Amino acid sequence: MNDLDTIVSSAQAAFAQAPTPAELENAKARYLGKTGQITELMKGMAALSVEDKKTRGAAINLAKQAIEAALNARRQALADAELQAQLQAEALDVTLPGRQRGQGGLHPVSRTLERIEQIFGSMGFDVAQGPEIETDWFNFTALNTPQDHPARSMHDTFYVEGGSAEAPNLLRTHTSPMQIRHAVQHVKRYAGNAGGLFAGDMPEIRVIAPGRTYRVDSDATHSPMFHQCEGLWIGTEVSFKDLKFVFTDFCRTFFEDENLVLRFRPSFFPFTEPSAEIDIQFTSGPLAGRWLEVAGSGQVHPNVVRNMGLDPEKYIGFAFGMGPDRLTMLRYGVNDLRLFFDGDVRFLSQFR
Ligand code: PHE
């Protein structure tokens, strides 16, 4: 074996043993680098005759090519091994079942609200939305609620910044302020800015106003945030009889129970006269026989009709305020109101 063959086989062995690309490059330097063995041999040729240069040069070149071939082969082998390892590390088992995106659904109370809107919509009621931060005027004063009414006290109502010292802003305690807001808009549209109380002709006001309401209250049947849905029908001949018909029809449709019984129990609200609490009674099912309160209601008080900008000698009607949370509990048999607002998916997913 001549010196060149020895160098070639030593290079091949060194490359084959290099375990990483970095170590392979180090090994390469020992043969082909600036001071590598092959490079040194080339430098040594300067002293040879022209004739010897030819033969020796050709031999060195062959050796160099053999070393380069071994180097490239090893480079490729290391790269292949690396790719293989990476693929293995990132291995995908395509036979595993797919991970599905969780399926969302409407909140049970939202379902109730949609149902309420749909049923009243079919009876010709519009749907109105109003602010949750209210003024003292819309929440109390315009609704004929006197300054010393207990609902105005700190332990019943959440007051917020804004308004004046005597009339601070608050989180609405019911949806009744929407009676005034909606009626005033309606009257403005048909009466213009005539001023005074409107006694001309206009289309009836028939509206529901669902939304969030707030009271300082918390137990199994009360949450500081809860929902209400207001109803208002104002015309020239709208009577308590219409209230009874509309609300009975609504409840029977909502609960899909033609035999549902309603009771209008005399009550008091500053903004209605006469006033009634509405109770329902199922004739079958787990709640059969019990009276369950679902709404407050009454003929709109003349002072309130005035605050709507209407002449109470001509315009009259009824209002009601019901609790969609309560309706949802009754419909689905839920016994703790707080479950609706805890955000526990295990509870909520039952309503998908
Ligand atoms: N706003 C009353 C309440 O929250 C309910 C109600 C509405 C009563 C409309 C009469 C008329 O208790």
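Quick note: structure is the one above.
Reading the values: rules and limits
- Residues numbered from 1 in each chain as written.
- Predicted model: local features only at pLDDT ≥ 70, side-chain atom pairs only at ≥ 80, totals over all residues.
- Heavy atoms only, no water.
- Pairing = 2+ DSSP bridges.
- Helix = DSSP H or I, 4+ residues; strand = E, 2+ residues; numbered from the N terminus.
- Contact = heavy atoms within 4.5 Å.
- Axes fitted to C-alpha atoms, helices over the stretch in contact; angles between N-to-C directions.
- Buried < 20%, exposed > 50% of the residue type's maximum accessible area, 1.4 Å probe, protein only.
- Polar contact = N/O pair within 3.5 Å; in protein donor to acceptor, adjacent residues only side chain to side chain.

Let's talk about the sheet that holds strand S9 (residues 291–300)
Spatially, S1-S5-S6-S10-S9-S8-S7 is the arrangement adopted by the seven strands of the open sheet, whose pairing is mixed. At either margin of the open sheet sits one strand with a lone partner, and together these are strand S1 (126–127) and strand S7 (261–269). Note that strand S6 (residues 225–235) and strand S10 (residues 316–322) share seven bridges and pair antiparallel. Across the sheet, glutamate 230 pairs through a bridge with glycine 321, a residue of S10. In the packing of helix H7 (residues 177–191) onto the sheet, the strands contacted are strand S5 (205–214), S6, S9 and S10, and the crossing angle to S5 comes to about 145 degrees. Taken strand by strand, helix H8 (residues 240–254) contacts S6, S7, strand S8 (272–281), S9 and S10, and its axis lies near 130 degrees from that of S7.

Topic: unusual backbone geometry
Cis geometry is adopted by the peptide bond preceding proline 274, which originates at glutamate 273 and carries an omega value of -5 degrees. Residue position: proline 274 is located in strand S8. With a phi angle near 65 degrees, asparagine 144 is a residue other than glycine that sits in the positive phi range. Locating asparagine 144 in the fold gives a position in the loop between helix H6 (136–139) and strand S3 (159–163). Look at asparagine 144 and you get partly exposed, because its relative accessible area is 23%. Although it is not a glycine, glutamate 256 sits at a positive phi angle of roughly 50 degrees. Mapping glutamate 256 onto the fold places it in the loop between H8 and S7.

Comments concerning the sheet that holds S3
Within the open sheet, the three strands sit side by side as S2-S4-S3. Their pairing is antiparallel. Here the strands that pair on one side only, and so sit at the sheet edges, are strand S2 (133–134) and S3. Here two bridges tie S3 to strand S4 (residues 168–171), and the two strands are oriented antiparallel to one another. Paired with tyrosine 159 across the bridge in S4 is leucine 170.

Notes on the side chain of threonine 272
Locating threonine 272 in the fold gives a position in strand S8. Of the polar contacts made by the side chain of threonine 272, one reaches the side chain of serine 275; its length is 2.6 Å. Leave out the neighbours within four places in its chain, and threonine 272 touches Ser297, Gly298, Gln299, Val300 and His301.

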